[in-house]
Amino acid sequence: MSFAPETEKLVADLIQAEYKNACKKFGEKYHSQHEGYAVLLEEVEEAESNISSLKENVSTLWKYIKRNDWEVITLKSIENSLYYTNNAIKELAQVGAVLMKMQNTIVGEMKNE
């Protein structure tokens, strides 16, 4: 799927903003690659949890659409799906930020910083 150039920039900016925030709070590098991996794993698990909840809500949405029982429950499923989509995007931005910080850590290790 191709994205609008504006979307590409928004995503890159979102990840960069998360990276800057993480660096300000916790420093520009991890103490080790092991620490970076642990943080990465945590963020990926949080993103997966939101995606899993999103999939459950989409499944519920489809169940009610197939029954033509779409009024309140369908709107609630859409509302919940939007909530989990939003959270997954934020978690994935954090995954991107962690990866950037891991990259910074490894480059620093290679330069013996």
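Please refer to the structure higher up on the page.
Small disclaimer: the values here were computed from a predicted structure and weren't measured.

With that out of the way, let us pick up the overall build of the protein. Helix and strand counts for the protein stand at three helices and zero strands. Taken from N to C terminus, the helices and strands of the protein fall in the order α-α-α. A globule of 113 residues ought to have a C-alpha radius of gyration of about 13 Å, yet the protein, at 18 Å, is considerably larger. Along the first, second and third principal axes, the C-alpha set of the protein runs to 65 × 30 × 25 Å. Burial statistics for the protein: of 113 residues in total, 26% are counted as buried. Contacts spanning at least 24 positions in sequence make up 82% of the contacts within the protein whose residues lie at least 6 apart. Accessible area of the protein: about 8,400 Å², with a carbon and sulfur share of 59%. Side-chain charges of the protein comprise 13 positive and 18 negative groups, with the mean position of each set lying 2 Å from the other.

Once that is clear, we can look at the environment of E46. In this fold, E46 is placed in helix α2 (residues 33-66). What makes E46 partly exposed here is its relative accessible area of 28%. Separated by 42 residues in the primary sequence, E46 and A4 place their C-alpha atoms 27 Å from one another. Ignoring anything within four residues of it in the chain, the contact list for E46 reads E91 and Q94.

What follows concerns the pattern of salt bridges. When their charged atoms lie close together, side chains carrying opposite charge are able to pair. Scanning the model with the defined rule gives two salt bridges in all. A salt bridge links K9 to D13; the nearest nitrogen and oxygen atoms lie 2.7 Å apart. Of this pair, K9 and D13 both sit in helix α1 (residues 5-26), separated by four residues, roughly a single helical turn. Overall, K9 belongs to the exposed group, its relative accessible area being 52%.

Ranked by size, the top nonpolar core spans five residues in total: Y30, L40, V95, V98 and M102. With three residues, the single largest contributor to this core is helix α3 (residues 72-110). Excluding residues that lie within four positions of it along the chain, V98 makes contacts with Y30, G36, V39, L40 and E43.

This next bit is on α1. With 22 residues, α1 ought to run about 32 Å at 1.5 Å a step, and its terminal C-alpha atoms sit 31 Å apart, in line with that. Looking only at α1, the buried set comprises Y19, A22 and C23. Taken end-on, α1 shows its buried residues confined to a sector of 100°, consistent with a single buried face. Structural note: α1 exposes E6, K9, L10, K20, K24 and K25 on the side pointing more than 90 degrees away from its buried face.

Thresholds applied
All residue numbers refer to position in the chain's written sequence, counted from 1. Selection of residues for local features in this predicted model requires a pLDDT of at least 70, selection of side-chain atom pairs for listing and counting requires 80 or more, and totals for whole chains, interfaces and linings are taken over all residues. Only hydrogens and water are removed before side-chain values are computed, so all heavy atoms of the structure are retained for them. Numbering goes from the N terminus for both helices and strands, where a helix is a DSSP run of H or I of at least four residues and a strand is a run of E of at least two. Only the C-alpha atoms count toward the radius of gyration. The rule for a globule is 2.2 Å times the residue count to the power 0.38. Partly exposed describes any residue whose relative accessible area lies between the buried limit of under 20% and the exposed limit of over 50%, with all areas from a 1.4 Å probe on protein chains only and scaled to the type maximum. Any two residues having at least one pair of non-hydrogen atoms within 4.5 Å are treated as being in contact. Surface exposure here means Shrake-Rupley accessible area, sampled with a 1.4 Å probe, where a residue is shielded only by the protein chains that are shown. In this tally, Asp and Glu contribute negative charge and Lys and Arg positive charge; neither His nor the terminal groups of the chain are included. Lysine's charge is taken at NZ, arginine's at CZ, aspartate's at CG and glutamate's at CD. Take a side-chain nitrogen of Lys or Arg and a carboxyl oxygen of Asp or Glu: if they are within 4 Å of each other, that pair is a salt bridge. Put simply, a nonpolar core is a bunch of buried Ala, Val, Leu, Ile, Met, Phe, Trp, Tyr and Cys residues held in one set by side-chain atoms that sit within 4.5 Å of each other. Every helix has an expected span of 1.5 Å times one less than the residues it contains. By construction, the arc corresponds to the directions joining the helix axis to the C-beta atoms.

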